[in-house]
Amino acid sequence: MLDLEKALLKNTFLMMGLHPTHVKENFEEELAFVKKWLDKRNFYAVGGIDLYWDKTLLKQQQAFKTQI
């Protein structure tokens, strides 16, 4: 992602976050990784929430609130 940004600087806008379809039981560990990167640099978008595909881990998807 970072290499692509360097190569296509004018047309690449990075986002960082835990994708809602990848929220699992270890979401707190994943959020720590996201926070590390958010503290390092700016991104154009953060996280998300998915109410379409799978609502099984909807409670954990509230990780979006933490990201924003």
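Here, residues in each chain are numbered from 1, in the same order as that chain's written sequence. Side-chain atom pairs in this predicted model are given and counted only at pLDDT of 80 or more, local residue features only at pLDDT of at least 70, and totals for whole chains, interfaces and linings cover all residues. Excluding hydrogens and water, the side-chain values take into account all heavy atoms of the structure.

## Re the overall build of the protein
Rules: Labels follow the DSSP assignment, with helices taken as runs of H or I lasting at least four residues and strands as runs of E lasting at least two, numbered in each case from the N terminus. Only protein chains enter the accessibility calculation, which uses a 1.4 Å probe. A residue is then buried if its area is under 20% of the maximum for its type, exposed if over 50%, and partly exposed in between. Any two residues having at least one pair of non-hydrogen atoms within 4.5 Å are treated as being in contact. Accessible areas in this description were obtained via Shrake-Rupley with a 1.4 Å probe; residue shielding takes into account the shown protein chains only. Working convention for charge: Lys and Arg count positive, Asp and Glu count negative, and His plus the chain ends are omitted. In this description, the location of a charge corresponds to atom NZ of lysine, CZ of arginine, CG of aspartate or CD of glutamate.
A count of helical and extended segments in the protein gives four helices and two strands. Ordered by position in the sequence, the α and β elements of the protein form the string α-β-α-β-α-α. Dimensions of the protein along its principal axes, counting C-alpha atoms only, are 40 × 25 × 15 Å. Within the protein, buried positions represent 28% of all 68 residues. Sequence-distant contacts, at least 24 apart, represent 60% of the contacts inside the protein between residues at least 6 apart. A total of about 5400 Å² of accessible surface is found on the protein, and carbon and sulfur atoms cover 58% of it. Looking at the protein, you have 10 positive and 9 negative side-chain charges, and the mean spots of the two groups are 6 Å apart.

## Notes on the packing of aromatic side chains
Definition in use: Stacked, tilted and edge-to-face are the three classes assigned to paired rings of Phe, Tyr and Trp, where Trp is represented by its six-membered ring and a pair needs centres within 6.5 Å; plane angles under 30 degrees give stacked, over 60 edge-to-face, the rest tilted. By definition, being over a ring means that NZ of Lys or CZ of Arg is both within 6 Å of the ring centre and within 35 degrees of the ring normal.
For the coordinates displayed, the defined rule picks out one aromatic pair. Ring geometry for F13 against Y44: centres 4.9 Å apart, planes inclined by 80°, an arrangement best described as edge-to-face. Here F13 is found in the loop between helix 1 (2-7) and strand 1 (15-16), whereas its partner Y44 is found in the loop between helix 2 (27-40) and strand 2 (45-46), with 31 residues between them in sequence. Classification of F13 by relative accessible area gives exposed; the value is 54%. If you follow K40 out to its NZ or CZ, it ends over the ring of W37, 4.2 Å from the centre. We note R41 situated over the ring of F43; from NZ or CZ to the ring centre the distance is 4.8 Å.

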